[in-house]
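Okay, here's what each chain looks like letter by letter:
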Amino acid sequence: MKFAYLMYSQKKYTDIVPVVRMLVKQKDHVFIMVNDNKTRDEVTIEFANNPYVHISRKLEYAQEGDLSLARGTLLQMVDAFETEEHFDYFINLTEGMLPIKSRNEIVEYLEAHPEDHYFIYQRESDNPELRKQYDRYYVYTNVIGFTNRWYVRFRARAISGLINLLNIKRKNPDEVFIGSPWFILSEKTARVLADNYSYCSENFKLSRYAEEMCHLMMINHFIPDNAHVNDDMRVVGPDGIWEAGHGARTISEDVMARYPDALFGG
């Protein structure tokens, strides 16, 4: 069984390299977006002769909350299918997230549960308010400080309110889903998403936290009857579970102990 790990990182060279080394040591491939130009060059030089490491070039920069992360992850799938390798599963990891089970344990679990793994928290048919959340446009989402500067987010919300008053909304009739941005997808499902990656740009421009809706809505649109395990197999954050609007956060051993089946952790 072969994995394609889809990563992005804003961390330093010394933080990135050990993680990538660990993943490729087990003969899995890593497709990684590195936000800083200097760090990207250093990582490129470090792994220049390693056929298991692929530095993302179609989209080099990504951040949580912005279209760039959802779109960048899809483009990494495109890159993976352009190689001569066959991957059984595509697994996305944000920075600070690692396997917390051995590779053998992960393989054993996926052999026993070969479906896709992703977590749907809510759907529009159960919560109509999701449509309003999806319809709103947010300017500034591609600003570097969007995720950590309150005044950038404040201005984005204010202007999105004005746009909403003008009744400017998205035209996508698909049902809205929201859930964890992390997944474990089979080659078959990843191929469908890669072949239709333009759906993301067409329907999520100026969208806030597109990664929490885009992939779920794409799967429902292109594979409406897709069978999956409704669990992303991650333990993240202080309570262990995914929370809307938050990326992977530090976890403690006590939290990990409450989720013994999780394969990956923040």
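Each chain has its residues counted from 1, following the order in which its sequence is written. For this predicted model, a pLDDT threshold of at least 70 governs which residues receive local features, and a threshold of 80 or more governs which side-chain atom pairs are given and counted, while totals over whole chains, interfaces and linings are taken from all residues. The basis for every side-chain value is the complete set of heavy atoms in the structure, and neither hydrogens nor water enter the calculation.

1. Notes on the sheet that holds strand β5 (residues 98–99)
For step 1, the next point in the chain: When DSSP locates at least two bridges between a pair of strands, those strands are taken to pair. Where helices and strands are cited, they refer to DSSP runs of H or I of at least four residues and of E of at least two residues respectively, numbered from the N terminus. If you walk across this open sheet you meet the three strands as β5-β10-β9, and the pairing is mixed. Looking at the sheet topology across the chains shown, the edges are occupied by β5 and β9 (234–235).
For step 2, the next point in the chain: Two elements, β5 and strand β10 (residues 264–265), share two bridges in a ladder whose sense is antiparallel. From the neighbouring strand, Leu98 faces β10, where its bridge partner is Gly265.

2. Let's talk about the sheet that holds strand β2 (residues 29–34)
For step 1, the next point in the chain: The seven strands are arranged β3-β2-β1-β4-β7-β6-β8 in an open sheet whose pairing can be described as mixed. One side of each edge strand has no neighbouring strand; the edge strands of this open sheet are β3 (53–55) and β8 (228–229).
For step 2, the next point in the chain: Note: strand β6 (residues 116–123) against β8, two bridges, orientation parallel. Each bridged residue has a counterpart across the sheet, and for Asp116 the counterpart in β8 is His228.
For step 3, the next point in the chain: In this analysis, two residues are considered to be in contact whenever any of their non-hydrogen atoms come within 4.5 Å of each other. The axes are straight lines fitted to the C-alpha atoms, using for helices just the contacting stretch, and the angles between their N-to-C directions are given from 0 to 180°. Strands in contact with helix α1 (residues 13–25) are β1 (3–9), β2, β3 and β4 (89–94); relative to β2, the strand with the most contacts, it is inclined by about 160°.
For step 4, the next point in the chain: Packing against the sheet, helix α9 (residues 214–222) makes contact with β6 and β7 (177–186), and its axis sits at approximately 70° to β7.

3. Re the packing of helix α3 (residues 67–81) against helix α7 (residues 187–195)
For step 1, the next point in the chain: Between α3 and α7, the shortest axis-to-axis distance is 9 Å and the interhelical angle comes to 110°. Taken together, the axes of α3 and α7 are roughly perpendicular relative to one another. Handedness of the α3/α7 crossing: left-handed. Note on element contacts: α7 touches α3 through Glu187, Ala190, Arg191, Leu193 and Ala194, opposite Leu74, Met77, Val78 and Phe81.
For step 2, the next point in the chain: For the contact of α3 with α7, the per-class residue count stands at seven nonpolar, no polar and two charged. Here the word oblique covers every angle except those under 35 degrees (roughly parallel), over 145 (roughly antiparallel) and from 65 to 115 (roughly perpendicular). For any helix crossing, the convention is left-handed if the near helix is rotated counterclockwise from the far helix by under a right angle, and right-handed if that rotation is clockwise. Residue polarity follows a fixed list, in which Ala, Val, Leu, Ile, Met, Phe, Trp, Tyr, Cys and Pro are nonpolar, Asp, Glu, Lys and Arg are charged, and the others, Gly among them, are polar.

4. Some thoughts on empty space enclosed by the protein
A probe as big as a water molecule, rolled over the atoms, marks out the empty space that is left.
For step 1, the next point in the chain: Here a cavity is any set of points on a 1 Å grid over the protein atoms alone where a 1.4 Å probe fits but cannot get out, and a pocket is any open set with protein on both sides within 12 Å along at least 5 of 7 lines; a residue lines the site when it has an atom within 4 Å of a point. Grid points are joined across faces, edges and corners, and a volume is the space filled by probe spheres set on the points. Counted by the stated rule, this structure contains two cavities of 30 Å³ or more.
For step 2, the next point in the chain: Taken together, 19 residues make up the lining of the largest cavity; nearest its centre are Leu69, Asn92, Thr94, Pro181 and Trp182.
For step 3, the next point in the chain: Breaking the lining of the largest cavity down by element, the ones donating at least two residues are β1, α3, β4 and β7.
For step 4, the next point in the chain: Of the residues contributing to the lining of the largest cavity, the split by class is nine nonpolar, seven polar and three charged.
For step 5, the next point in the chain: The calculated volume of the second largest cavity comes to roughly 50 Å³.
For step 6, the next point in the chain: If you go around the second largest cavity, the residues you meet are Tyr118, Ser180, Pro181, Trp182, Phe183, Glu211, His215, Leu216 and Ile219.

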